[in-house]
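Summary of the model geometry
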Amino acid sequence: MNKIFSKMEEECDAIVLMNGQEPMLDASFYYACGIDSGLFEECVAILQPDGRSTLVTSQLEESAAKNSSAEIITYSTQKERDDAIKNVLKKSNKIGINNRGITYSSTQYLRKIIDNIEFINAGNALLKARMIKDSDEIEKIRSACKIASSVADSIPEVLSCGKTEYELAAEIGYRMQKIGASSTSFDTIAAFGKSAAEPHHSPGKYKLQKEDMGLFDFGCRVSRYCSDITRTFAPVECSDLFKKVYETVLKAQYLAIEKIQPGICSADVDKVARDHIDSISEFKGKMIHSLGHGLGLDVHDGGSFSPKSQIILEENMVMTVEPGIYIPGWGGVRIEDDILVTKNGCEVLTHAKKELDDVKIA
């Protein structure tokens, strides 16, 4: 974990990552320990500048902890946990914490058991380190992308009039786990017709009609690592407006993907897609979110393609590319794929069909 310390803006004696209770669990904790199973509620990972790491874990997670690369200290009582943490940090006072991932109660707990503790923010360094994936991380994401892509291609066979949004959302999650996913990356979005104009629509009781488009945004986890894909399916009665919107979004995505390579500013990638959409007067301003985001242990894993983002792309970053057009009262189209920044460009990791002729509801 030396690469985390190398990205710190201020030196510290150690970095402490502490989970709360579910759902207050810090993805950086699992990143630091190399753990792909277990919850580890209220457990602690301590990282040292020399590369050593210690996992202070409850007996409940003892078996899962054996897969960690860290030194393991197991506790059975609160006092044993306190003593273990104090002993590891006995020569440390300036402690880095993940301000995005630690609860207030956990910081108060650390202040209580460690004298003269000073906290500094290690959150930015952790995000920067996590944005550059190693080969093992890439393979896990690649596997998650393969599963999501396969399920995306199978959606037309289960789309039929009369099915509800929540039925399709449940079917997608089931199909991903059936072929190897450990879980979904996030709550699946299934939006029919006018609801597709809402980017984060929650599936409801509405039943698919023959004039409805169907937008599905979903992903899965493999060994904690996420995929994230969106496909929008054309209605049986496909209007000229839908065709125009769809082809505009697809072209915007292709242009953005062509732009991606190491050394490019992330805002410039967003601009290519946004400019194409805005060049068509009736769609100007209809892309109401950023073009994409980092992907990894979290579905939003640091970094983005947005007008305000100034990240310089580096090899082995994994990002989503998801332009969209949203028209209230009509619907919306979003097409999303996951990409890996390579030495000379990028590799698209999600391979589900997306040409208009391939995404029609039968």
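Above this note sits the structure.
The present account deals with the structure reproduced in this document. Values in this document were obtained by computation on a predicted structure and should not be read as measured data.

1. Considerations on the state of the cysteines
Across all of its chains, the model carries 0 disulfides by this definition. There is no disulfide at C43, and the cysteine sulfur nearest it, in C33, is 9.1 Å away. The buried category is assigned to C43, whose relative accessible area is 0%. No disulfide involves C145; its sulfur sits 7.9 Å from that of C220, the nearest cysteine.

2. A look at the sheet that holds strand β11 (residues 225-226)
The 3 strands lie next to each other as β7-β10-β11, forming an open sheet whose pairing is antiparallel. One side of each edge strand has no neighbouring strand; the edge strands of this open sheet are β7 (183-184) and β11. Across 2 bridges, strand β10 (residues 220-222) lies against β11 in antiparallel orientation. Bridging from a neighbouring strand, R221 pairs with C226 of β11.

3. Side note on the packing of helix α7 (residues 135-158) against helix α8 (residues 165-178)
It is at 10 Å that the axes of α7 and α8 come closest, and there the two elements cross at 135 degrees. Judged on the interaxial angle alone, α8 and α7 are oblique. Relative to α8, the crossing made by α7 is right-handed. Facing I147, A148, V151, S154, I155, E157 and V158 of α7, the residues of α8 in contact are L168, E171, I172, R175 and M176.

4. Brief notes about the nonpolar core
Counting residues in each nonpolar core, the largest one holds 60 residues, and the members touching the most others are M176, F216 and F218. Looking at this core element by element, the count peaks at 8 residues for helix α9 (residues 240-259). If near-sequence neighbours (up to four positions away) are discounted, M176 is found in contact with I147, A148, V151, A181, T184, F218, G219 and C220. A14, I15, A64 and I141 belong to the second largest nonpolar core, which has 58 residues in total.

5. Regarding the pattern of salt bridges
Counted according to the given criterion, the structure contains 21 salt bridges. Where D217 meets R334, a salt bridge forms, and the shortest distance between an N and an O atom there is 3.0 Å. Taken together, the residues D217 in strand β9 (residues 214-218) and R334 in strand β17 (residues 331-334) connect sequence positions 117 residues apart. The buried category is assigned to R334, whose relative accessible area is 2%.

6. Overview of the layout of surface pockets
Taken as a whole, the largest pocket encloses approximately 450 Å³ of empty space. Lining the largest pocket we find 22 residues, and of these L25, D26, A27, Y30 and D298 sit closest to its centre. For the lining of the largest pocket, the element with the most residues is helix α6 (residues 123-131), which contributes 4 residues. Each residue belonging to the lining of the largest pocket can be placed in one class, and the counts come to 8 nonpolar, 6 polar and 8 charged. The space that makes up the second largest pocket amounts to roughly 300 Å³. Residue lining of the second largest pocket: 16 residues in total, with H200, D217, H293, H300 and E322 positioned closest to the centre. Tallied by class, residues from the lining of the second largest pocket come to 4 nonpolar, 7 polar and 5 charged.

7. Quick word on the packing of aromatic side chains
Following the criterion strictly, the structure yields 6 aromatic pairs and no others. Summarising the aromatic geometry, the rings of F216 and F233 are spaced 5.9 Å apart at their centres and angled 65 degrees between planes, so their arrangement reads as edge-to-face. Of the two residues, F216 sits in strand β9 while F233 sits in strand β12 (residues 229-233), which places them 17 residues apart along the sequence. With a relative accessible area of 0%, F216 lands in the buried category. On the accessibility criterion, F233 (2% relative accessible area) is buried. Consider the rings of F242 and W330, whose centres lie 6.4 Å apart with planes at 45 degrees: the pair is tilted. Remark: W330 occurs in the loop between β16 (324-327) and β17 and F242 occurs in helix α9; sequence separation between them is 88 residues. Aromatic rings pair up to connect F29, Y30 and F40 into one cluster. Geometry around Y109 places R81 over its ring, the cationic atom sitting 4.5 Å from the centre. Above the ring of Y30, the side-chain terminus of R224 is found at 3.8 Å from the ring centroid.

Parameters at a glance
Residues numbered from 1 in each chain as written. Predicted model: local features only at pLDDT ≥ 70, side-chain atom pairs only at ≥ 80, totals over all residues. Heavy atoms only, no water. Disulfide = S-S within 2.5 Å. Buried < 20%, exposed > 50% of the residue type's maximum accessible area, 1.4 Å probe, protein only. Pairing = 2+ DSSP bridges. Helix = DSSP H or I, 4+ residues; strand = E, 2+ residues; numbered from the N terminus. Axes fitted to C-alpha atoms, helices over the stretch in contact; angles between N-to-C directions. Parallel < 35°, antiparallel > 145°, perpendicular 65-115°, else oblique. Left-handed = near helix turned anticlockwise from the far one by under 90°. Contact = heavy atoms within 4.5 Å. Core = buried A, V, L, I, M, F, W, Y, C linked by side-chain atoms within 4.5 Å. Salt bridge = Lys/Arg side-chain N within 4 Å of Asp/Glu carboxyl O. 1 Å grid on protein atoms, 1.4 Å probe; cavity = no way out; pocket = protein on both sides within 12 Å on 5 of 7 lines; lining within 4 Å. Points joined across faces, edges and corners; volume = space filled by probe spheres on them. Nonpolar A, V, L, I, M, F, W, Y, C, P; charged D, E, K, R; others polar. Phe/Tyr/Trp six-rings, centres within 6.5 Å; stacked < 30°, edge-to-face > 60°. Lys NZ or Arg CZ within 6 Å of the ring centre and 35° of its normal.

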